[in-house]
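Spelled out, the chains give:
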Amino acid sequence: MADNAEVTLLDFWPSPFGMRVRIALAEKGIKYEYREEDLKNKSDLLLQMNPVHKKIPVLIHNGKPVAESLIAVQYIDEVWKDKAPLLPSDPYQRAQANFWADFVVKKMFEHGRKIWATKGEEQEEAKQGFIESLKLLEGELGEKPFFGGENLGYVDVALVPFYSWFYTYEVCGNFSIEAECPKLIEWAKRCLAKESVFNSLPDHKKVYGFMLELKKQFGIE
């Protein structure tokens with residue numbers, strides 16, 4: 001079934017959530033149709049395929065939609081299980097991977113958004129929260145090349161898309177992530193050495209330009 005599958009991804013290029021699905025598909029070597037969504041004018045297909053949240057990314061496999069990025073990554077890992085496993089087979093290790101992926105979901109996006117969208121005390125708090133979260137992740141990484149061990153895994157796929165936003169966070173927050181978390185930056189560079197990651201992440205300056213447009217749109221100075 002998986003080999004002759006029709007796969008489509010509804011996505012938006014600067015979305016770290018969409019990047020997760022792109023990386024997972026690339027790791028598995030799955031050919032798919034990429035459809036860029038205009039989030040100000042959502043397509044009928046997106047509204048039909050994700051009527052609950054009306055958000056990207058949505059993976060469509062043989063006409064059936066899978067919404068939410070980490071659920072889509074798990075689905076990809078289960079359907080195309082013969083190549084590049086992302087989640088550990090051991091139940092305890094799998095639970096730990098889910099824990100840290102959930103940690104990324106709860107901490108990274110919101111802290112990151114506040115770094116570029118707020119100022120003063122609120123921005124400072126977000127910056128501290130962001131750095132503390134990264135330090136905890138750095139501790140979990142330890143001396144391993146990847147969160148998945150010797151190979152790219154589920155937590156790597158969950159976290160590395162935010163690397164494309166690091167430059168934006170640093171410029172807006174006036175701080176250096178590398179100075180705070182050097183091992184995590186080394187990890188990100190190891191991930192980027194993989195074609196699946198390199199080709200799925202947009203240029204950081206392009207992301208910064210997108211953020212400036214967003215600020216204008218929302219009237220943030």
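Residues numbered from 1 in each chain as written. Predicted model: local features only at pLDDT ≥ 70, side-chain atom pairs only at ≥ 80, totals over all residues. Heavy atoms only, no water.

- Per an unreviewed UniProt entry, the protein goes by the name Glutathione S-transferase and belongs to Manihot esculenta.
- According to UniProt, the comment filed for the protein under the heading Function (unreviewed entry) is "Is involved in the conjugation of reduced glutathione to a wide number of exogenous and endogenous hydrophobic electrophiles."
- We quote the UniProt Sequence similarities (unreviewed entry) comment for the protein here in full: "Belongs to the GST superfamily." (UniProt positions renumbered as here; feature names shortened; annotations may be inferred.)

1. Thoughts on the state of the cysteines
(1) Moving on: Evaluation of the coordinates by the stated rule reveals 0 disulfides.
(2) Moving on: There is no disulfide at Cys181, and the cysteine sulfur nearest it, in Cys191, is 15 Å away.
(3) Moving on: Residue classification places Cys181 among the buried positions, given a relative accessible area of 0%. (Disulfide = S-S within 2.5 Å. Buried < 20%, exposed > 50% of the residue type's maximum accessible area, 1.4 Å probe, protein only.)

2. What to know about the UniProt feature "domain: GST C-terminal" (unreviewed entry) in the protein
(1) Moving on: Residues annotated by UniProt as "domain: GST C-terminal" (unreviewed entry) correspond here to residues 90-218.
(2) Moving on: Span residues 90-218 is 78% helix and 0% strand, its end C-alpha atoms 45 Å apart. (Helix = DSSP H or I, 4+ residues; strand = E, 2+ residues; numbered from the N terminus.)

3. Describing unusual backbone geometry
(1) Moving on: Between Ile56 and the following residue, Pro57, the backbone shows a cis peptide bond with an omega angle of -5°.
(2) Moving on: As for its position among the elements, Pro57 is in the loop between helix H2 (44-49) and strand E3 (58-61).
(3) Moving on: Unlike most non-glycine residues, Glu68 shows phi in positive territory, near 75°.

4. Remarks on the sheet that holds E3
(1) Moving on: In spatial order, the strands read E2-E1-E3-E4; together these 4 strands make up an open sheet with mixed pairing. Only two strands of the sheet have a single partner each, and these edge strands are strand E2 (33-36) and strand E4 (64-67). Mean inter-strand twist for the sheet, computed between neighbouring axes without regard to direction, equals 20°.
(2) Moving on: Pairing analysis gives 4 bridges linking strand E1 (residues 7-11) to E3, with the strands arranged antiparallel. Residue pairing across strands places Thr8 opposite Ile60, the latter belonging to E3.
(3) Moving on: Against the sheet, helix H1 (residues 16-28) engages E1, E2 and E3, with an angle of about 155° to E1.
(4) Moving on: Across the sheet, helix H3 (residues 69-79) touches E3 and E4, and the angle it forms with E4 is around 125°. (Pairing = 2+ DSSP bridges. Axes fitted to C-alpha atoms, helices over the stretch in contact; angles between N-to-C directions. Contact = heavy atoms within 4.5 Å.)

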